[in-house]
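So the chains spell out like this:
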Amino acid sequence: MHDIIYIEQLETEAIIGIYDWEREQPQPLYFDIEMAVPIFTAAQSDAINDTVDYAQVSDFVCDWVAKSRVELLETLLENLSHELFTRFTGIQTLTIKVSKPKAVAQAKTVGLIIKRQRPR
Ligand SMILES: Nc1nc2c(c(=O)[nH]1)N=C([C@H](O)[C@@H](O)CO)CN2
């Protein structure tokens, strides 16, 4: 059984992309994040330290993404998943979706979804 802590449409900004115009100023990125976290202990103790704090994850993702300078969404999400597993030890599996609405004029949005398990 999987318990999921989630964050929807987290708004961030980053310098990201392969074109010159994308390297000049930040553009919006929206994150949907699902974290499989066993919640049994926190549900018994009612203590935030026994679970993964979605507010802390949200703050971390916004700060980290703002400092990133990669070109591809692939690089961004692979690196971000490693950071989240390292910093938030309660996360067992992770699904991250990133949307880049300014990337393709004809599309409402484009992006990438990855699913990862905590490395052994
Ligand atoms: N698979 C990907 N395709 C594209 C990416 C990407 O990060 N991953 N990036 C771009 C450009 O930066 C685009 O966002 C600007 O139009 C193009 N394709």
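Cut-offs applied
- Residues numbered from 1 in each chain as written.
- Predicted model: local features only at pLDDT ≥ 70, side-chain atom pairs only at ≥ 80, totals over all residues.
- Heavy atoms only, no water.
- Near = heavy atom within 4 Å.
- Polar contact = N/O pair within 3.5 Å; in protein donor to acceptor, adjacent residues only side chain to side chain.
- Areas by Shrake-Rupley, 256 points an atom, 1.4 Å probe, with all protein chains shown as cover.
- Core = buried A, V, L, I, M, F, W, Y, C linked by side-chain atoms within 4.5 Å.
- Buried < 20%, exposed > 50% of the residue type's maximum accessible area, 1.4 Å probe, protein only.
- Helix = DSSP H or I, 4+ residues; strand = E, 2+ residues; numbered from the N terminus.
- Salt bridge = Lys/Arg side-chain N within 4 Å of Asp/Glu carboxyl O.
- Patch = residues over 30% accessible without salt bridge, like charges linked within 9 Å, V, L, I, M, F, W, Y side chains within 5 Å.
- Pairing = 2+ DSSP bridges.
- Axes fitted to C-alpha atoms, helices over the stretch in contact; angles between N-to-C directions.
- Phe/Tyr/Trp six-rings, centres within 6.5 Å; stacked < 30°, edge-to-face > 60°.

### Section: the site of the ligand
Then, number 1: Close to the ligand lie Gly 17, Ile 18, Tyr 19, Glu 22, Leu 72, Leu 73, Glu 74, Lys 100 and Ala 103, which account for all nearby residues.
Then, number 2: Here Glu 22 contributes a side-chain N or O atom positioned 2.6 Å from an oxygen atom of the ligand.
Then, number 3: Within the backbone of Leu 73, a nitrogen or oxygen atom sits 2.9 Å from an oxygen atom of the ligand.
Then, number 4: Contact with the protein chains covers 68% of the free accessible surface of the ligand, which is 410 Å².

### Let's talk about the nonpolar core
Then, number 1: Ranked by internal contacts, the top residues of the largest apolar core, which has 28 residues, are Leu 29, Phe 31, Met 35, Val 61, Leu 84, Ile 91 and Ile 96.
Then, number 2: Contributions of two or more residues to this core are made by β1 (4–14), β2 (27–36), α2 (54–67), α3 (73–87) and β3 (93–99).
Then, number 3: With six residues, α3 is the largest single contributor of residues to this core.

### Quick notes on the pattern of salt bridges
Then, number 1: Tallied over the full model, the rule gives three salt bridges.
Then, number 2: With a shortest N-O distance of 2.9 Å, Glu 22 and Lys 100 are connected by a salt bridge. Linking Glu 22 in the loop between β1 and β2 with Lys 100 in the loop between β3 and β4 (111–117), this pair joins segments that are 78 residues apart in sequence.
Then, number 3: Owing to a relative accessible area of 4%, Glu 22 belongs among the buried residues under this scheme.
Then, number 4: The buried category is assigned to Lys 100, whose relative accessible area is 8%.

### Topic: a nonpolar patch on the surface
Then, number 1: Where nonpolar side chains cluster on the molecular surface, the patch consists of Ile 18, Tyr 19, Trp 21 and Leu 72 and spans about 430 Å² of accessible area.
Then, number 2: Mapping Trp 21 onto the fold places it in the loop between β1 and β2.

### Concerning unusual backbone geometry
Then, number 1: With phi around 50°, Gln 9 is a residue other than glycine that occupies positive phi space.
Then, number 2: In this structure, Gln 9 sits in strand β1.
Then, number 3: Positive phi outside glycine occurs at Asp 46, with the angle close to 60°.

### Here's the deal with the sheet that holds β1
Then, number 1: Pairing in this open sheet of four strands is antiparallel, and the strands run β1-β2-β3-β4 from one edge to the other. With one partner strand each, in any of the chains shown, β1 and β4 form the two edges of the open sheet. Neighbour to neighbour, the strand axes of the sheet diverge by 15° on average, direction disregarded.
Then, number 2: Of the strand pairs in this sheet, β3 and β4 are connected by seven bridges, and their pairing is antiparallel.

### Regarding the packing of aromatic side chains
Between two aromatic rings, the relevant description is the distance of the centres plus the angle of the planes.
Then, number 1: Scanning all chains against the criterion turns up one aromatic pair.
Then, number 2: Centroid distance Phe 60 to Phe 88: 6.2 Å. Interplanar angle 70°. Geometry classified as edge-to-face. Remark: Phe 88 occurs in the loop between α3 and β3 and Phe 60 occurs in helix α2; sequence separation between them is 28 residues. Pair check on accessibility: Phe 60 and Phe 88 agree, each one buried.

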